[in-house]
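Overview (structure and organization)
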Amino acid sequence: MPLILKSDDTVLFYGDSITDCGRDRASLASLGDGYVKLLADRLSRVFPGSRLRVLNQGVSGDRIYDLEARLDRDVLAHRPSVVTVLIGVNDTWRRYDSNLPSPLPDFRRSYRAVLTRLVDQLGARLVLMEPFLLPVPEGRRTWREDLDPKIAVVRELAAEFAADLIPLDTIFARAAEQAPASSWLPDGVHPSPNGHALVADAWLANAGLAAASQPSAVPAG
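Residues numbered from 1 in each chain as written. Predicted model: local features only at pLDDT ≥ 70, side-chain atom pairs only at ≥ 80, totals over all residues. Heavy atoms only, no water.

What about the pattern of salt bridges?
- Inspection of every chain in the model, using the stated rule, returns 19 salt bridges.
- The residue Arg95 makes a salt bridge to Asp146 at a minimum N-O spacing of 3.0 Å. In this pair, Arg95 sits in helix 5 (residues 89-98) while Asp146 sits in helix 7 (residues 144-160), placing the two residues 51 residues apart along the sequence.
- Arg95 gets classed as partly exposed once you look at its relative accessible area, which sits at 32%.
- A salt bridge links Asp146 to Lys150; the nearest nitrogen and oxygen atoms lie 3.0 Å apart. You can see Asp146 and its partner Lys150 sitting in helix 7, four residues apart, about one turn around the helix. The residues Asp146 and Lys150 share a single accessibility class, namely buried. (Salt bridge = Lys/Arg side-chain N within 4 Å of Asp/Glu carboxyl O. Helix = DSSP H or I, 4+ residues; strand = E, 2+ residues; numbered from the N terminus. Buried < 20%, exposed > 50% of the residue type's maximum accessible area, 1.4 Å probe, protein only.)

What follows is the structure in structure tokens.
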């Protein structure tokens, strides 16, 4: 069922660098320069003069274990009513660049622990977004063997917790059929401005709201 927002919601986005996107971590008002800022701008127009708040609690480089470790300080302390989680690509990336794997059972356990506390301690409405990857450079394609099972875990947990699921991996794969993969994810992982708009639009569509932006359907490049 699509997310129904209320004018007094606190909507918190929790994840890694894709969410962080250069925010000033010393300022709770800082939203970074990515999809969270696009969403906040759109929501401020949909709910003018309301008490709705948007918070960005992404931290570059985080894996699921980091989200579990900082949950009290960065999420529970702010009492959000809606929490969106986007995590997983660094759990794959660290296997290949640092020989630091995130075994699937551990990934599942830690992710489930985060969601359990969000529901039990906050009663938060949950939105889970799939981690995603495109083959830029081509060698990134081998990462699918590690990432695909983690995407399957995110889908399983969304069903288990009755959370909304936004299939970003599928969305980016389809976008790459319209324009070069590098125009959406220049390094296969981090979105371009058009890529961030794609994420924002998918989140807003899930909430039954108009797109955050209207980028060209086929970006240049």
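Picking up where we left off.
Side note on the packing of helix 2 (residues 35-46) against helix 10 (residues 193-206)
- At their nearest, the axes of helix 2 and helix 10 sit 8 Å apart, and the two run at 45 degrees to each other. When the axis of helix 2 is compared with that of helix 10, the two are oblique. Here the hand of the crossing between helix 2 and helix 10 comes out right-handed. Where helix 2 approaches helix 10, its residues Tyr35, Leu38, Leu39, Arg42 and Leu43 are matched on the opposing element by His196, Ala197, Val199, Ala200, Trp203 and Leu204.
- Along the lines of polarity and charge, the residues of the contact of helix 2 with helix 10 split into nine nonpolar, one polar and one charged. (Axes fitted to C-alpha atoms, helices over the stretch in contact; angles between N-to-C directions. Parallel < 35°, antiparallel > 145°, perpendicular 65-115°, else oblique. Left-handed = near helix turned anticlockwise from the far one by under 90°. Contact = heavy atoms within 4.5 Å. Nonpolar A, V, L, I, M, F, W, Y, C, P; charged D, E, K, R; others polar.)

Examining the packing of helix 6 (residues 104-122) against helix 7
- Viewed as axis vectors pointing N to C, helix 6 and helix 7 meet at an angle of 30 degrees, and their least axial separation amounts to 10 Å. In this structure, helix 6 crosses over helix 7, and the sense of that crossing is right-handed. Here helix 6 contributes Leu104, Phe107, Arg108, Tyr111, Arg112 and Leu115 to the contact with helix 7, which in turn contributes Pro149, Lys150, Val153, Val154, Glu156, Leu157 and Glu160.

Considerations on the packing of aromatic side chains
- For the structure shown, the criterion picks out six aromatic pairs.
- Here Phe107 and Tyr111 contribute two aromatic rings whose centre-to-centre distance is 5.8 Å and whose plane-to-plane angle is 75 degrees, an arrangement assigned as edge-to-face. Highlighted residues: Phe107 and Tyr111, both in helix 6, separated by four residues, approximately one helical turn. Both residues of the pair, Phe107 and Tyr111, belong to the buried class.
- What links up through ring pairs into an aromatic cluster is the set Phe13, Tyr35 and Trp203.
- One cation-aromatic arrangement involves Arg140 over Trp93; the distance from NZ or CZ to the ring centre is 5.1 Å.
- Its guanidinium or amino end placed over the ring of Phe107, Lys150 lies 5.7 Å from that ring's centre, counting from NZ or CZ. (Phe/Tyr/Trp six-rings, centres within 6.5 Å; stacked < 30°, edge-to-face > 60°. Lys NZ or Arg CZ within 6 Å of the ring centre and 35° of its normal.)

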